[in-house]
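Residue-level listing of the chains:
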Amino acid sequence: MTGITVAAFFHIYISASERRNAAGIRCGSASAAESADGDLLLRAGTINEQQTKGSDTITAKITAALIAAAILLAAAVGCTRGGSTPSGSSGEGSTSAPETSDGSAVPAHDYGGYGFSFADTEATGAKSHFFAEISADASDTDTIPASVYKRNERLVSKYNIKLRSNFEINLYNSLTAGEDIVDAVIYDPYALKGVMQDGLLVDLNTLDYFSFDSDWWMKGIAESVSIKDKLYMMTGSANIRTLGSTQALFFNKTVAEDRIPGTDIYKLVDDGEWTLDKMLELAASAGADNGDGVWDEKDSYGLAFNNFALISFFFSSGCRFITKDDSGGLTYDFGSDRQIEVLTKTVNFLNDQTMTLYGERYADKYQENGRVYVLTDAFKENRALFINNLVSNGILLRNMETEYGVVPQPKYDTAQKDYVTFLHGNASYFAVPLTAPDKDCSARIIEDMAYYSRDTVRNAYIEIVVKQKYAVDGADSARMLDIVYGNVIFDMGYFAIGSIDGTLRKMADNNDTGFSSMFATNINQWERLLNNYFRPYLED
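An account of the accompanying structure is given in this report. (Residues numbered from 1 in each chain as written. Predicted model: local features only at pLDDT ≥ 70, side-chain atom pairs only at ≥ 80, totals over all residues. Heavy atoms only, no water.)

1. Regarding the nonpolar core
(1) Moving on: Counting 120 residues, the largest nonpolar core has Leu171, Leu192, Trp274, Met279, Phe349 and Phe386 as the members making the most contacts within it.
(2) Moving on: For Phe349, the residues in contact, after removing those within four places along its chain, are Leu276, Met279, Leu280, Leu303, Phe305, Phe313, Met355 and Thr356.
(3) Moving on: Counting residues in each nonpolar core, the second largest holds 33 residues, with Phe116, Ile161, Val432 and Ile446 among its members. (Core = buried A, V, L, I, M, F, W, Y, C linked by side-chain atoms within 4.5 Å. Buried < 20%, exposed > 50% of the residue type's maximum accessible area, 1.4 Å probe, protein only. Contact = heavy atoms within 4.5 Å.)

Dropping the structure here:
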């Protein structure tokens, strides 16, 4: 399958207590806390990296048997929401229609007012309107919630359902008990990790209606993280947190006109000449001391970056920790020449104090999350040419008087075929639990939610908010954002081995380029861990 989706992940055998701690997340406890990279994206909880234990194979088998029994019991008992149960959309008594007049390939069905429930993460705080992905009502007038409401109304009308968000459910406990109280899930990958590990989600490729090669799903995700066509999560146009969790490079047009006059950055992108070396060449022209002889946050810089730049440029340069062969088998890559070269170059420019305003130096100096705000302040005050940002952080620039543009992160060199966008872990994904009372119904609703979001939610987020409300410069940046969203990837090795992220960031902070030694020290441990993660998916 070529495709545009998200990911299949992995069973890990972990102890029962670790499993509960890792996956038993109460969405109601989520808060709009600053993420490690400065955005207010919601996290359903903190997941510690699980360590595989050999004795857990027996535990996992016993747990699986208990789960299966609970699911069968729940199926026999059934559930009622909104005065109705799904009417058996793929079975006897089903009512269906051919392709709808609005272009959806999913046939309509009357579910008799059924309350279709999502296990959801509650959006609160300053960005609530930008990350409430399911809940909206007619009174919402702001751009994004109004588009969510419009999308929802199409689903309600087509299927005669009521859409609901369940913010209080402990998903792991609910699924292991066989409860069928949610029809679908919309969580970030770390909040889904535990239920995937214990096999509590449906392989989406076994369900009808999904069209993951369509443009309402994100290109490149399924291909980069599925395993032997097993797919347990997906993301696309309906996932507002995903739209905001992509990496892009913002440039200050006033600084560009002053420091690199005559340079058309958009043309560099269009011509395939937008490379890491070209970015550094332009950035070198923008640094300037304010006259006090000390390089600090009050000076001007070519780059305003924090340590996540090491991660995002690693992937945008075409590097991966895991690739797949033609048979779907996995190949691990730790410490290749290309990886060492990219990481070394990135650490060097991050620590060039005349070129880069490095946010980590100011993490505790100013207000909370100073590592981000010191960068955006410099950018808004025309003291930085480029800032590496999540697209969602455009909201931090909404009062900026100077125009700015958006371009994809650069390729490593001109030999690299495509621009690559790395998807941050704060993105959201759809999943279908094994206990969903009517999986056919779940597939219909999720597929059409993505389809109808393409021209409603996605356009509201990208076309209106990012391209217009945040003073981005119109058509050129619109094209650039199409490139940003056109090749989004996620790496299973980076996700599965959480310590990679912290190890690399710490090396950037310490100006440490000893990557060959670091990989040599960790490679055996990491490969053993990944082998255990992926074994259930690779053994037919």
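2. Comments concerning the side chain of Asn393
(1) Moving on: Here Asn393 is to be found in the loop between strand E9 (384-390) and strand E10 (404-407).
(2) Moving on: Residue class for Asn393 comes out buried when judged on its relative accessible area of 0%.
(3) Moving on: Separated by 2.9 Å, the side chains of Asn393 and Asn389 make a polar contact. (Helix = DSSP H or I, 4+ residues; strand = E, 2+ residues; numbered from the N terminus. Polar contact = N/O pair within 3.5 Å; in protein donor to acceptor, adjacent residues only side chain to side chain.)

3. Description of the packing of aromatic side chains
(1) Moving on: Summed over all chains, the structure comprises 31 aromatic pairs.
(2) Moving on: Pairing Phe308 with Phe422 gives two aromatic rings, centres 6.3 Å apart and planes at 35°, and the pair type is tilted. A residue pair is termed long-range when its members are at least 10 positions apart, and Phe308 in helix H12 (residues 308-316) and Phe422 in strand E11 (residues 421-422) qualify at 114 residues.
(3) Moving on: The exposure class of Phe308 is buried, given its relative accessible area of 3%.
(4) Moving on: Taken together, a centroid distance of 5.9 Å and an interplanar angle of 90° make the contact between Phe313 and Phe349 edge-to-face. (Phe/Tyr/Trp six-rings, centres within 6.5 Å; stacked < 30°, edge-to-face > 60°.)

4. Concerning the environment of Gly302
(1) Moving on: Its place among the elements puts Gly302 in strand E5 (residues 301-305).
(2) Moving on: According to the relative accessible area criterion, Gly302 is buried, its value standing at 0%.
(3) Moving on: With 83 residues separating them along the chain, Gly302 and Leu385 place their C-alpha atoms 4.8 Å apart.
(4) Moving on: When neighbours within four sequence positions are excluded, Gly302 is seen to be in contact with Ala283, Ala286, Gly287, Met355, Leu385 and Phe386.

5. Comments concerning the pairing of E9
(1) Moving on: With 7 of 7 residues buried, E9 lies mostly within the body of the structure.
(2) Moving on: Where strand E4 (residues 247-252) meets E9, 5 bridges bridge the pair, whose relative direction is antiparallel. Among the inter-strand pairings, Phe251 is bridged to a residue of E9, identified as Phe386.
(3) Moving on: Both E5 and E9 contribute to a ladder of 3 bridges, which runs parallel. Looking at the pairing, Leu303 lines up with Phe386 of E9. (Pairing = 2+ DSSP bridges.)

6. With respect to the pattern of salt bridges
Any two side chains of opposite charge can pair, given that their charged atoms come close.
(1) Moving on: Counted by the stated rule, this structure contains 15 salt bridges.
(2) Moving on: With a closest N to O distance of 2.6 Å, Asp448 and Lys158 form a salt bridge. Residue Asp448 is found in helix H15 (residues 439-454), and its partner Lys158 is found in helix H4 (residues 143-159); the two are separated by 290 residues along the sequence. Judged on exposure class, the residue Asp448 and its partner Lys158 are both buried.
(3) Moving on: One salt bridge in this structure joins Asp270 and Arg479, with 2.8 Å as the shortest N-O distance. Separated by 209 residues along the polypeptide, Asp270 in helix H10 (residues 265-270) and Arg479 in helix H17 (residues 475-486) bring together distant segments of the chain.
(4) Moving on: Taking the relative accessible area as the measure of exposure, Arg479 reaches 34% and is therefore partly exposed. (Salt bridge = Lys/Arg side-chain N within 4 Å of Asp/Glu carboxyl O.)

7. Details of the sheet that holds E10
Strand pairs in the sheet, formed through backbone hydrogen bonds, run parallel or antiparallel to each other.
(1) Moving on: Spatially, E8-E5-E9-E4-E10 is the arrangement adopted by the 5 strands of the open sheet, whose pairing is mixed. Sheet topology places strand E8 (356-358) and E10 at the edges, where each strand pairs with a single neighbour. Direction aside, neighbouring strands of the sheet carry axes that sit 25° apart on average. (Axes fitted to C-alpha atoms, helices over the stretch in contact; angles between N-to-C directions.)

8. Quick look at the packing of H4 against H15
Each pair of packed helices can be summarised by the angle the axes make with each other and by the distance between the axes.
(1) Moving on: Where H4 meets H15, the axes come as close as 9 Å, and the angle between the chain directions of the two elements is 140°. One finds that H4 runs oblique with respect to H15. Pair H4 / H15 crosses with right-handed handedness. Residues Arg151, Asn152, Arg154, Leu155, Lys158 and Tyr159 of H4 touch H15, and the partners they reach there are Arg444, Ile445, Asp448, Met449, Tyr452 and Ser453.
(2) Moving on: Looking at side-chain class alone, the contact of H4 with H15 contains 5 nonpolar, 2 polar and 5 charged residues. (Parallel < 35°, antiparallel > 145°, perpendicular 65-115°, else oblique. Left-handed = near helix turned anticlockwise from the far one by under 90°. Nonpolar A, V, L, I, M, F, W, Y, C, P; charged D, E, K, R; others polar.)

9. Some remarks on helix H11 (residues 276-283)
(1) Moving on: Burial in H11 covers these residues: Leu276, Met279, Leu280, Leu282 and Ala283. One side of H11 carries all its buried residues, which in axial view fall inside an arc of 165°.
(2) Moving on: Lining the buried residues of H11 we find E4, H10, E5, H12, helix H13 (337-350) and E9. (Arc of directions from axis to C-beta.)

10. Looking at the side chain of Asn306
(1) Moving on: Within the secondary structure layout, Asn306 lies in the loop between E5 and H12.
(2) Moving on: Of the polar contacts made by the side chain of Asn306, one reaches the backbone nitrogen of Phe308; its length is 3.1 Å.

11. Section: helix H6 (residues 189-197)
(1) Moving on: Along H6, 9 of the 9 residues are buried, which leaves the element largely enclosed by surrounding structure.
(2) Moving on: Those residues of H6 that sit buried are Pro189, Tyr190, Ala191, Leu192, Lys193, Gly194, Val195, Met196 and Gln197.
(3) Moving on: Regarding H6, its N-cap is Asp188, as a side-chain oxygen of that residue lies 2.8 Å from the backbone nitrogen of Tyr190 further along.
(4) Moving on: Just downstream of H6 lies Gly199, where phi reads positive at about 70°.

12. Observations regarding the packing of H12 against H13
(1) Moving on: Direction vectors running N to C along H12 and H13 enclose 145°, while the axes themselves pass 10 Å from each other. The interaxial crossing formed by H12 with H13 has right-handed handedness. Note on element contacts: H13 touches H12 through Gln339, Val342, Leu343, Thr346, Val347, Phe349 and Leu350, opposite Ala309, Leu310, Phe313 and Phe314.
(2) Moving on: Residues belonging to the contact of H12 with H13 are distributed by class as follows: 9 nonpolar, 2 polar and no charged.

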